[in-house]
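Spelled out from the first residue to the last, the chains are:
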Amino acid sequence: MRSESPTAPPPNRLRHPAELPFFVFMVVLNVAIVVAIVRVALVLPFVPPALQDTAWANGIRAALFGLLLLVPALVVVRETQRASTRGTAVQLSPEQYPELYRTAEDLAARFGLRRRPDIFLANGNGALNAFAAQATGHDYVVLSNELFAHLDDGNREGLRFILGHELGHIRLHHVALWYQLAVAYSQRIPLLGPTLSRLREYSCDRHGAYLEPDGATGLVLLASGRHTERHVDIPALLRQGQELRGFWVGLAQLPRSHPYTVRRLERLHGLGLLRPGPGRRPGSDGLDAGARSNRRGLVVGAAERDGRAG
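Report on the accompanying structure. (Residues numbered from 1 in each chain as written. Predicted model: local features only at pLDDT ≥ 70, side-chain atom pairs only at ≥ 80, totals over all residues. Heavy atoms only, no water.)

### A word on the sheet that holds strand 3 (residues 130–135)
Note the following rule: Being paired, for any two strands, means DSSP has found at least two bridges between them. The numbering of helices and of strands both runs from the N terminus, where a helix is a DSSP run of H or I of at least 4 residues and a strand a run of E of at least 2. Residues are treated as being in contact if the distance between any of their heavy atoms lies within 4.5 Å. Angles run from 0 to 180 degrees between N-to-C directions of axes, and those axes are lines fitted to C-alpha atoms, restricted for helices to the stretch in contact.
Read across the open sheet, the 4 strands follow the order 1-2-4-3; overall the sheet is mixed. The sheet is open, and its two edges are formed by strand 1 (90–91) and strand 3, each paired on a single side. Bridge analysis of strand 2 (residues 118–122) against strand 4 (residues 138–144) gives 5 bridges, and the strand direction is parallel. Within the sheet, the bridge partner assigned to Phe120 lies in strand 4 and is Val142. Strands in contact with helix 7 (residues 156–171) are strand 2, strand 3 and strand 4; relative to strand 4, the strand with the most contacts, it is inclined by about 150°.

Have a look at this one:
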C-alpha cells in the first residue's frame, strides 16, 4: 500500500536544482534583449547620420518597435487559447467524468493550489499529449482523448502521474503571465530556450512522481506508444536510460524542448521517486532501502527548509 502525505513538499524541494538559476539567467538576458531593441530603434547605429530622418530609417524604427508587440500578442494568445479549448473540449465536473474530476481535485489539494485548475478532455487527433495553461483568472489542464483512453483503462497510476506533472507546471508558475513575459524573448533563442524547457519538464516530472510513485507507465506510454505500456519491461528500460550517454546523445538533445523520455524515467528512479513496477522491488512499499532514503530525504529536507522557502 502506498503511504501518502497530505501535502507535497515546498515547490523548490521538487524543482530541478538547475532550473531556477537558469531561469534567472534567462530573465537577465530577456531584459538585455528588450533594452537592446529599444536602444537600437532610437539610435539606429547602423544607419548613416544623413539618413537618420528618412522614411527608410523610420521604417526600420517601426519594425524594431514592432518586436515589442510580442507582449500584447502573448496575452491575446493565452486568452484565445482558453476560449478555443472551452468551445472544443469537454470540461470535467462532478457530473462529467466524476472519478477523474475528483482525482484532479485531490492532486491539486495536495499541491496546495489555491485556485483549482479546470480539466478538459480534448480530441488530440491521435496525439498522446497533455498540457497546462493559464488565462486571466483561470488555470487549466488539457488531456488528449488518446492519452486519457489508454491511461484510464486499467492504468490510473499513469494517468495520475501525467496529471501531477501538468499540475506541477501550474504550481511552479510556468504558465503564469509574469513568468512567460520574463522570458518572452530569451526563450526564443535556439538551444537556450529548449534548455530551460527541459529543466521545467524535469521539475514537473518530480511532481508527478511524488504524487504517484507507481506512475511509470505514464512515461512508458510516451516512449513506446499505444497498447504497449503494460508490456514494456521497465527495469530493462531503466538500464537503457543508464546507458544513454555520449557526445552524440547530448548533441541530439540540445534542440529538444523535452528530455529523452527514457532518461526522464531513469532520473526519477534514481531519485527514489518512481518505482519500476509493482512487485519488482523489495520492501513493503516497493522501494529498496536506498530509494526509500532518497524519497524520505525530499520530505525531511522540505520540512527543514520551510522557514527558508520563499
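### Description of the pairing of strand 3
So the rule is basically this: Only protein chains enter the accessibility calculation, which uses a 1.4 Å probe; a residue whose area is less than 20% of its type maximum is buried, one above 50% is exposed, and one in between is partly exposed.
Most of strand 3 is tucked away: 5 of the 6 residues are buried. Examined bridge by bridge, strand 3 and strand 4 share 6 bridges and lie antiparallel to one another. Residue pairing for strand 4: Gln134 is matched across the bridge by Asp139. Counting the residues that bridge the hairpin from strand 3 to strand 4 gives 2 residues, and of these Gly137 lies at a positive phi of roughly 80°.

### A look at unusual backbone geometry
In this structure, His173 takes a positive phi of about 70° despite not being glycine. Despite not being glycine, Leu191 has its phi angle at roughly 75°, a positive value. Considering the arrangement of structural elements, one finds Leu191 in the loop between helix 8 (177–182) and helix 9 (192–211). Assessed through its relative accessible area of 42%, Leu191 is described here as partly exposed.

### Details of the packing of helix 10 (residues 216–224) against helix 13 (residues 261–270)
Stated precisely, the cut-off is as follows: Angular relationships are summarised with four words: roughly parallel below 35 degrees, roughly antiparallel beyond 145, roughly perpendicular across 65 to 115, and oblique for the angles in between. Two helices that cross are described as forming a left-handed crossing if the nearer one is turned anticlockwise from the farther one by less than a right angle, and a right-handed crossing if clockwise.
At their nearest, the axes of helix 10 and helix 13 sit 9 Å apart, and the two run at 165° to each other. As judged from the angle between their axes, helix 10 and helix 13 are roughly antiparallel. Helix 10 and helix 13 meet at a crossing whose hand is left-handed. Residues Ala216, Leu219, Val220, Leu222 and Ala223 of helix 10 form the contact with helix 13, whose own contacting residues are Thr261, Arg264, Leu265 and Leu268.

### Considerations on the nonpolar core
Most often, soluble globular proteins keep nonpolar side chains buried together rather than apart. Our working rule: By nonpolar core is meant a set of buried Ala, Val, Leu, Ile, Met, Phe, Trp, Tyr and Cys residues that side-chain atoms within 4.5 Å join together.
Membership of the largest hydrophobic core comes to 38 residues, with the highest contact counts inside it found for Val141, Leu143, Leu163, Leu167 and Leu265. Core analysis: the second largest hydrophobic core is formed by 9 residues, Phe23, Tyr179, Val183 and Leu196 among them.

### Points about the packing of aromatic side chains
So the rule is basically this: Stacked, edge-to-face and tilted are the three classes for Phe, Tyr and Trp ring pairs, Trp counted by its six-membered ring, which pair at centre distances within 6.5 Å; planes under 30 degrees apart are stacked, over 60 edge-to-face, the rest tilted.
What the rule picks out here adds up to 6 aromatic pairs. Measuring from centroid to centroid gives 4.4 Å for Phe23 and Tyr179, while their planes differ by 10°, and the two rings are stacked. Separated by 156 residues along the polypeptide, Phe23 in helix 2 (residues 19–43) and Tyr179 in helix 8 bring together distant segments of the chain. Neither residue differs from the other here; Phe23 and Tyr179 are each classed as buried. Ring centres of Trp178 and Tyr179 lie 5.9 Å apart, and the angle between their planes is 65°; on these two criteria the pair is classed as edge-to-face. Among the residues examined, Tyr179 registers a relative accessible area of 3% and is labelled buried. Counting every residue linked through ring pairs, the aromatic cluster contains Phe23, Trp178 and Tyr179.

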